[in-house]
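Chain and residue survey
Each chain, written out:
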Amino acid sequence: MTDTVEVPVEIINSDVLTKNNLTYAVVGKSTTTVQYEVKTTNAYRIRSSDFRAYVDLAELYDVTGSVQVKIEVLNNKELISNAESRPGVVRIQTEELQSKQFSLIMNTYGNLAEDYAVNKAVLTPDHVTVEGPTSQVGLINHVGIELNVNGLESSTEGTAEPVFYDANGNEITVSDRVSVSPSEIQYNLEISKVKTLPLDFEVTGT
């Protein structure tokens with residue numbers, strides 16, 4: 001009988017594009033349908049994990065942006081024959097790679113304990129480098145970390161992951177092709193007790 005399974009497509013040799021200051025994205029789905037022949041009595045034994053599907057970006061044809069999908073049978077080789085990908089190619093879209101440095105800000109949310117206030121906030125490092133497709137990096141206006149200070153009444157420190165914001169200060173999600181370095185930021189938030197005092201005036205003179 002002829003049967004099919006859906007197999008994720010692995011990308012290899014992506015460094016070929018990186019060396020040319022390019023990045024890529026798969027157009028459409030990132031899986032392929034593998035068609036194969038197997039004896040009916042053995043069909044139940046075949047799984048998606050029995051196959052490896054991959055494309056080699058070193059073979060990318062610039063004019064069409066397509067590259068052939070190659071299939072390897074990893075398990076149950078003695079049961080499977082004529083395994084091939086349907087469709088046999090994957091469309092790859094290339095784009096210029098951009099690297100940009102952003103200063104970091106700290107956004108706090110929640111309310112400190114009564115009679116306490118933030119005295120000083122220190123981020124280490126105070127900037128990050130973002131790298132990815134130009135269209136994705138262009139969406140980012142600034143980068144920072146978010147810290148919940150609700151109920152705090154003493155200084156705190158730790159690490160947090162950088163968050164991307166648009167020009168309106170809204171958090172945004174970008175493509176997984178965008179990387180940020182370093183991926184963790186160390187923060188030190190100094191919280192001090194405050195006291196409200198009445199201001200008395202002593203008037204002198206005429």
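Quick note: structure is the one above.
Quick notes on the rules
- Residues numbered from 1 in each chain as written.
- Predicted model: local features only at pLDDT ≥ 70, side-chain atom pairs only at ≥ 80, totals over all residues.
- Heavy atoms only, no water.
- Core = buried A, V, L, I, M, F, W, Y, C linked by side-chain atoms within 4.5 Å.
- Buried < 20%, exposed > 50% of the residue type's maximum accessible area, 1.4 Å probe, protein only.
- Helix = DSSP H or I, 4+ residues; strand = E, 2+ residues; numbered from the N terminus.
- Contact = heavy atoms within 4.5 Å.
- Phe/Tyr/Trp six-rings, centres within 6.5 Å; stacked < 30°, edge-to-face > 60°.
- Lys NZ or Arg CZ within 6 Å of the ring centre and 35° of its normal.
- Pairing = 2+ DSSP bridges.
- Axes fitted to C-alpha atoms, helices over the stretch in contact; angles between N-to-C directions.
- Salt bridge = Lys/Arg side-chain N within 4 Å of Asp/Glu carboxyl O.

A few points about the nonpolar core
Membership of the largest hydrophobic core comes to 21 residues, with the highest contact counts inside it found for Tyr-36, Ile-46, Phe-51 and Ile-92. Listed by contribution, the elements that provide at least two residues to this core are strand S1 (2-12), strand S3 (31-37), strand S4 (51-56) and strand S8 (89-109). Aside from chain neighbours lying at most four places away, what touches Phe-51 is Val-5, Val-7, Val-34, Tyr-36, Ile-46, Ile-71, Glu-72, Val-73, Leu-74, Ile-80 and Ala-83. Among the nonpolar cores identified, the runner-up in size contains 20 residues, and Ile-140, Leu-147, Ala-160 and Val-174 belong to it.

Considerations on the packing of aromatic side chains
Inspection of every chain in the model, using the stated rule, returns 1 aromatic pair. A ring pair is formed by Tyr-36 and Phe-51, whose centres lie 5.3 Å apart and whose planes are at 40°; its orientation type is tilted. Taken together, the residues span a long stretch of sequence, with Tyr-36 in strand S3 and Phe-51 in strand S4 at a distance of 15 residues. Classification of Tyr-36 by relative accessible area gives buried; the value is 1%. The cationic tip of Arg-177 hangs over the ring face of Tyr-24; the distance from NZ or CZ to the ring centre is 4.0 Å.

Let's talk about the sheet that holds S1
The mixed open sheet is built from 5 strands, whose spatial order is S6-S4-S1-S3-S7. What marks the edges here is a single partner per strand, and that holds for strand S6 (70-73) and strand S7 (81-86). Taking the axes of each pair of neighbouring strands and ignoring which way they run, one obtains an average angle of 35° across the sheet. Relative to S6, S4 runs antiparallel, the two sharing 4 bridges. By the bridge assignment, Arg-52 is partnered in S6 with Glu-72.

Let's talk about the pattern of salt bridges
Oppositely charged side chains can pair when the atoms bearing their charge come close. For the structure shown, the criterion picks out 5 salt bridges. Across the pair Glu-6 and Lys-29 runs a salt bridge whose closest N-O atoms are separated by 2.9 Å. Taken together, the residues span a long stretch of sequence, with Glu-6 in strand S1 and Lys-29 in the loop between strand S2 (22-27) and S3 at a distance of 23 residues. Lys-70 is the partner of Glu-59 in a salt bridge, and the nearest nitrogen-oxygen pair spans 2.8 Å. Linking Glu-59 in the loop between S4 and strand S5 (66-68) with Lys-70 in strand S6, this pair joins segments that are 11 residues apart in sequence. Because the salt bridges share partners, they merge into one network encompassing Glu-10, Arg-52 and Glu-72.

Brief notes about the environment of Thr-64
Relative to the helices and strands, Thr-64 resides in the loop between S4 and S5. The spacing of Thr-64 and Phe-102 is 38 residues in sequence and 36 Å in space, taken between C-alpha atoms.

Quick notes on the sheet that holds strand S9 (residues 116-124)
As a general point, the strands of a sheet are linked pairwise by backbone hydrogen bonds and lie either parallel or antiparallel. Taken together, the 3 strands give an open sheet; going across it, the order is S9-S16-S12, and neighbouring strands pair in antiparallel fashion. Both outer strands of the open sheet, S9 and strand S12 (156-160), are each paired with one neighbouring strand and no more. Neighbour to neighbour, the strand axes of the sheet diverge by 25° on average, direction disregarded. Here S12 runs beside strand S16 (residues 185-193); their pairing, made up of 5 bridges, is antiparallel.

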